[in-house]
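Listed below are the residues making up each chain.
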Amino acid sequence: MTSTIGHLYRNIIRDEVVCVQYLKDRGLLLADNPMTCIKVKDGVVCNGQLVEYLRSSKKRNSDGTMKRVVTLRCTKRGCQTYQSIRKDSDFFTYTDLNGRCNSQLSLCEIMEIVWFWVNLVPINQAVNWTRRSKNTIIDWYNLCRDIPVYCFSKREKMGGPGCTVQIDESLFQGKRKYNRGRLQRGDHQPLREISNSSNEDSDENEIVRTNKNYGNRIVGPWVFGICWKRPDLLLERRFFIVEKWDRETLLQIIKNEIKTGTTI
């Protein structure tokens, strides 16, 4: 796990103010930059300055006190309207098909679910810990899953002049040896059909299980992998399932994923 659950509740989602500052420090929410009010009244945009404001919500804490959330409030006289601090964040707003924000979750509650997804907590266990409905957990898990998919679609090419990238392909299949290890699908004893030659009138075939110990190999997929140690010393790896491992298929992946001038 990237961090303990105690660190989550003590240092990340202890309260709304701590959570907002945590997200600001990591660029997930807008920092303390001047923001203007976009409310339109009588055809005129307010353009008043927005400042952070602690506002009581309709929910209560476990001790009975009202929860306080961080919002944005317009300082212009005559306006003084409230706006959500996450209005410019596509992830934390979670709008539905009608464009309305229906998450009904605070930033602390959202970060709790995100932490569970990052640390591979099963859905049923997350439901028991957060006391949220299963549909809510599934929706946020799917939304979290869309983030790496989007980042992978916008990825940059690996390597560059003076950099070294390693490539290799492998056939993933299983076969047990020496009667040890976990049985796999290819380790089952194969069946062999033997025609009953003694009775020519019978159309039934006798199925005999052979005495081979291992069985047939699993016909697994071919996987083409690319590995590169980035300048920040992080090891980046990409894997692609390919139907063929010929020159045309692999060369096209190399051109799409590796920069020109890279040592392979």
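If you're wondering where the values come from, they're calculated on a predicted model, not measured in any experiment. (Residues numbered from 1 in each chain as written. Predicted model: local features only at pLDDT ≥ 70, side-chain atom pairs only at ≥ 80, totals over all residues. Heavy atoms only, no water.)

## Thoughts on the sheet that holds strand β6 (residues 82-84)
Then comes step 1: Strand order in the open sheet formed by 4 strands is β1-β4-β5-β6, with antiparallel pairing between adjacent strands. Pairing within the sheet leaves two strands with one partner each, and these edge strands are β1 (35-36) and β6.
Then comes step 2: Bridging between strand β5 (residues 66-74) and β6 involves 3 bridges; their strand directions are antiparallel. Looking at β6, one finds that arginine 73 is bridged to tyrosine 82. (Pairing = 2+ DSSP bridges. Helix = DSSP H or I, 4+ residues; strand = E, 2+ residues; numbered from the N terminus.)

## A look at the sheet that holds strand β7 (residues 165-171)
Then comes step 1: Strands sit in the order β7-β10-β11 across an open sheet of 3 strands; the sheet is antiparallel. What marks the edges here is a single partner per strand, and that holds for β7 and β11 (235-242). Averaged over neighbouring strand pairs, the angle between their axes works out to 20° when direction is ignored.
Then comes step 2: Of the strand pairs in this sheet, β7 and strand β10 (residues 222-229) are connected by 7 bridges, and their pairing is antiparallel. The partner of glutamate 169 across the bridge, within β10, is phenylalanine 224. (Axes fitted to C-alpha atoms, helices over the stretch in contact; angles between N-to-C directions.)

## Structural notes on the nonpolar core
Then comes step 1: By size, the foremost hydrophobic cluster in this structure holds 35 residues, and its most contacted members are Phe91, Phe92 and Leu107.
Then comes step 2: When residues of this core are traced back to their parent elements, those giving at least two are α1 (5-12), α2 (16-25), β5, α3 (90-93), α4 (107-118), α5 (123-130) and α6 (134-153).
Then comes step 3: If one sorts the elements of this core by residue count, α4 sits on top with 8 residues. (Core = buried A, V, L, I, M, F, W, Y, C linked by side-chain atoms within 4.5 Å. Buried < 20%, exposed > 50% of the residue type's maximum accessible area, 1.4 Å probe, protein only.)

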